[in-house]
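# Structure at a glance
Chain by chain, the residues:
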Amino acid sequence: MQRVALKGLCIVLLIFLLIGGTGYGQSLGDAARANRKQKGAAPAKVVTSDDLVAPPTQDTIQLIPGSSSTGQGTLVAPGRGKHGYSVILLDASRFVNGGTIHITITMGDGESEASFDLYPQGLPLPSEGLPNSLANAYNVRSGSGGKINYRFAHGTVFQFAAEGSWNAKAGTTNTYSFVVDVDSQSTR
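Now for a quick tour of the structure. (Residues numbered from 1 in each chain as written. Predicted model: local features only at pLDDT ≥ 70, side-chain atom pairs only at ≥ 80, totals over all residues. Heavy atoms only, no water.)

### A few points about the sheet that holds strand β4 (residues 99-107)
In plain terms, the rule: Being paired, for any two strands, means DSSP has found at least two bridges between them. Only runs of H or I of at least four residues qualify as helices and only runs of E of at least two qualify as strands under DSSP, and these elements are numbered from the N terminus. Axis angles are defined between N-to-C directions and span 0 to 180 degrees, where every axis is a line fitted to C-alpha atoms and, for a helix, only to the segment in contact.
Sheet architecture is open: four strands sit in the order β2-β9-β4-β7, paired in antiparallel fashion. The sheet terminates laterally at β2 (69-76) and β7 (145-152), the two strands that pair on one side only. Each neighbouring strand pair of the sheet contributes to a mean axis angle of 20°, computed without reference to strand direction. Taken together, the eight bridges between β2 and strand β9 (residues 173-183) define a ladder with antiparallel strand orientation. Bridging from a neighbouring strand, Gly71 pairs with Phe178 of β9.

Here it is as structure tokens:
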């Protein structure tokens, strides 16, 4: 009985405080403005690149049995010994019994040579040092092409990572396009 009476008293007090608070008439915005006036000039906001650029989203290409897909991108040379990959996901999950992925790359006429690496999905990509990719095409010259072929045992998603070559001056760029398909024995 005492608990019920105590609970009822708490509810009545809460309602009283809520009604009394709404009668006061100052909004949260009004209180913030008044607070800023008391403090004087507000400190300058520091703008960083995080405020200006949304985090990149990875493009995904769904690989379909019996057809090829295309993609393109821009790459930047990261500097000797460093990595700055641009990544496109290649979804080969429909190839449940595996197959061989074929990627044919065509370089643009930009200043940077290029390097391409194929990694499994979810593997954190290196930021420096020698890469340990599944397959690769390194030092692909401007205006030329390269190929990557990789045999896989079951349906999976790959990270197709592109960057400027270590032989190129850091910050130089180029464009590339590619065609990708998968040879397989059987699919879902």
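### Concerning the side chain of Ser115
Stated formally: For each residue, the accessible area found with a 1.4 Å probe, counting protein chains only, is set against the maximum for its type, and the residue is called buried under 20%, exposed over 50%, and partly exposed in between. Any pair of residues with heavy atoms lying within 4.5 Å of one another is described as a contacting pair.
Mapped onto the fold, Ser115 is located in strand β5 (residues 114-120). Among the residues examined, Ser115 registers a relative accessible area of 7% and is labelled buried. Excluding anything up to four places from it in sequence, Ser115 contacts Ala137, Tyr138, Asn139, Ala161, Ala162, Glu163, Gly164 and Ser165.

### Quick word on the packing of aromatic side chains
To keep it simple, the criterion reads: Any Phe, Tyr or Trp ring, taking Trp's six-membered ring, that has another such ring centre within 6.5 Å forms a pair; planes under 30 degrees apart are called stacked, those over 60 apart edge-to-face, and the others tilted.
For the structure shown, the criterion picks out eight aromatic pairs. An angle of 75° between the planes, with centres 5.3 Å apart, marks the rings of Phe152 and Phe158 as edge-to-face. Overall, the relative accessible area of 2% leaves Phe158 in the buried class. Aromatic side chains Phe160 and Tyr176 sit 6.5 Å apart centroid to centroid with 75° between the ring planes, which places their arrangement in the edge-to-face category. With Phe160 in strand β8 (residues 157-164) and Tyr176 in strand β9, the pair connects residues that are 16 residues apart, well separated along the chain. Ring pairs connect the aromatic residues Phe116, Phe160, Tyr176 and Phe178, which therefore count as one cluster.

### Points about the sheet that holds β8
Across the sheet, which stays open at both edges, the five strands sit in the order β1-β3-β8-β5-β6 with mixed pairing between neighbours. With one partner strand each, in any of the chains shown, β1 (59-62) and β6 (135-140) form the two edges of the open sheet. For this sheet the average axis-to-axis angle between neighbouring strands, irrespective of direction, equals 20°. Here β1 pairs with strand β3 (residues 86-91) via four bridges, running parallel.

### Describing the layout of surface pockets
Over the atoms, a rolled probe matching the size of one water molecule traces out where space is still vacant. To keep things clear, this is the line we draw: Cavity means a closed set of points on a 1 Å grid over the protein atoms alone, one where a 1.4 Å probe fits but cannot get out, pocket means an open set with protein on both sides within 12 Å along at least 5 of 7 lines, and lining means a residue has an atom within 4 Å of a point. Grid points are joined across faces, edges and corners, and a volume is the space filled by probe spheres set on the points.
Empty space within the largest pocket amounts to approximately 150 Å³. The wall of the largest pocket is formed by His83, Ser115, Asp117, Leu130, Pro131, Tyr138, Asn139, Glu163, Gly164, Ser165, Trp166 and Asn167. Mapped onto the lining of the largest pocket, the elements with two or more residues apiece are β5, β6 and β8.

### Topic: the nonpolar core
Our working rule: Only buried residues count toward a nonpolar core, which is a set of Ala, Val, Leu, Ile, Met, Phe, Trp, Tyr and Cys residues joined through side-chain atoms within 4.5 Å.
Counting residues in hydrophobic clusters, the biggest one holds 26 residues, and the most contacted among them are Leu90, Ile101, Ile103, Phe116, Phe160, Tyr176 and Phe178. For this core, the secondary-structure elements that each account for two or more residues are β3, β4, β5, β6, β7, β8 and β9. Counting six residues, the second-largest nonpolar core is a separate cluster that includes Tyr85, Tyr119, Val157 and Ala161.

### Examining the pattern of salt bridges
Selection criterion: Each salt bridge in this description consists of a side-chain nitrogen of Lys or Arg and a carboxyl oxygen of Asp or Glu lying within 4 Å of one another.
Across all of its chains, the model carries one salt bridge by this definition. Where Glu113 meets Arg141, a salt bridge forms, and the shortest distance between an N and an O atom there is 3.0 Å. Here Glu113, found in the loop between β4 and β5, pairs with Arg141, found in the loop between β6 and β7; they are 28 residues apart in sequence, far enough to count as distant.

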